[in-house]
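Here is how the chains run, residue by residue.
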Amino acid sequence: MACRACQKEDETMRYAKYILFITLLVFACSSAIGLAAASRYENIVTDDAVVAQFDTTTLRYEKDPYRDEKLVSVWIKSTSEFSYDSTLKHYWFRLNERQMLLMDTADYNGSGQVIGKTSTQYNPSFWAPVLPETVPEACYSAVLKYAQTNNARLQLDYDKRMHNPKRTPFSILTDIFNAVSNNS
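As the structure is a computational prediction, the values presented were derived from the model and not from experiment.

Participant: I would appreciate a short explanation of the environment of A128 in the present structure.
Facilitator: With respect to the helices, strands and loops of the structure, A128 is situated in strand β8 (residues 128-129). Classification of A128 as partly exposed rests on a relative accessible area of 30%. The spacing of A128 and L101 is 27 residues in sequence and 6.3 Å in space, taken between C-alpha atoms.

Participant: Just checking my understanding: could you explain helix α3 (residues 151-161) for this structure?
Facilitator: Owing to its 3.6 residues per turn, the α-helix aligns residues three or four sequence positions apart on the same side. Within α3, the full set of buried residues consists of L154, Q155, Y158 and D159. Taken around the axis of α3, the buried residues stretch over an arc of 135 degrees, which confines them to a single face. More than 90 degrees from the buried face of α3, the exposed residues found are A152 and K160. At the C-terminal side of α3, H163 shows a positive phi close to 50 degrees.

Participant: Teacher, can you tell me more about the packing of helix α2 (residues 135-149) against α3 here?
Facilitator: The geometry of a pair of packed helices is captured by two quantities: the angle between their axes and the separation between those axes. Their axes nearest at 5 Å, the elements α2 and α3 cross at an angle of 80 degrees. Accordingly, the angle class assigned to the pair α2 and α3 is roughly perpendicular. Here α2 contributes Y146, A147, Q148 and T149 to the contact with α3, which in turn contributes N151, R153 and L154. Classifying every residue of the contact of α2 with α3 gives three nonpolar, three polar and one charged.

What counts and what doesn't
Each chain has its residues counted from 1, running along the sequence as written. Given that this is a predicted model, residues contribute local features only at a pLDDT of at least 70 and side-chain atom pairs are listed and counted only at 80 or more, while totals for whole chains, interfaces and linings are drawn from all residues. Where side-chain values are given, they derive from all heavy atoms of the structure, hydrogens and water being excluded. In this text, helices come from DSSP runs of H or I with a minimum length of four residues, and strands from runs of E with a minimum of two, each type numbered from the N-terminal end. Here the term buried applies to any residue with accessible area under 20% of the maximum for its type, exposed to any over 50%, and partly exposed to those in between, with areas from a 1.4 Å probe on protein chains only. Think of the arc as the fan of directions from the helix axis to the C-beta atoms. For helices, the fitted line uses only the C-alpha atoms of the stretch in contact; every axis is such a line through C-alpha atoms, and the angle between N-to-C directions lies from 0 to 180 degrees. Each angle receives one of four descriptions, namely roughly parallel if under 35 degrees, roughly antiparallel if over 145, roughly perpendicular if within 65 to 115, and oblique otherwise. Only heavy atoms enter the contact rule, under which two residues are in contact if any of them lie within 4.5 Å. For this classification, the nonpolar set comprises Ala, Val, Leu, Ile, Met, Phe, Trp, Tyr, Cys and Pro, the charged set comprises Asp, Glu, Lys and Arg, and every other residue, Gly included, is treated as polar.

Take a look at the structure:
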């Protein structure tokens, strides 16, 4: 009889181990899925702390409306440690000068509902300098580093949107042929 009780106890322990293993497996998978969903954002770190995140999915090159200049368009997310509300800000960064321009701001709550939105018309006088050792400088540096690393993909997308395919020797010859034969 004592043996039967020992067997039943061993069987119960085996089931408990299986349940624990399956629970750990489900937890590990859900953590991995959560990390995959968050991978669209890159952390912006200053003084060993994450101060904001930028969205790599919507980051792209834009053309300045008044200059023959390429800009970086990016959405940056910041959250307050004292509130469930968050803010998304849409910036344009100049590549050759350390300047930034705030285009849009969207405040949203913990459930993702937009609770406030502000948009700014482009105005060349609104460009602001990126000041050293500030959070905007950390944002500017992180975004430009990402843009440089992913320049080929960003440039290809920019060329497609601007209908400005890369010039090749063949396309130059085609242009010459069209000009000579009046095939404009």
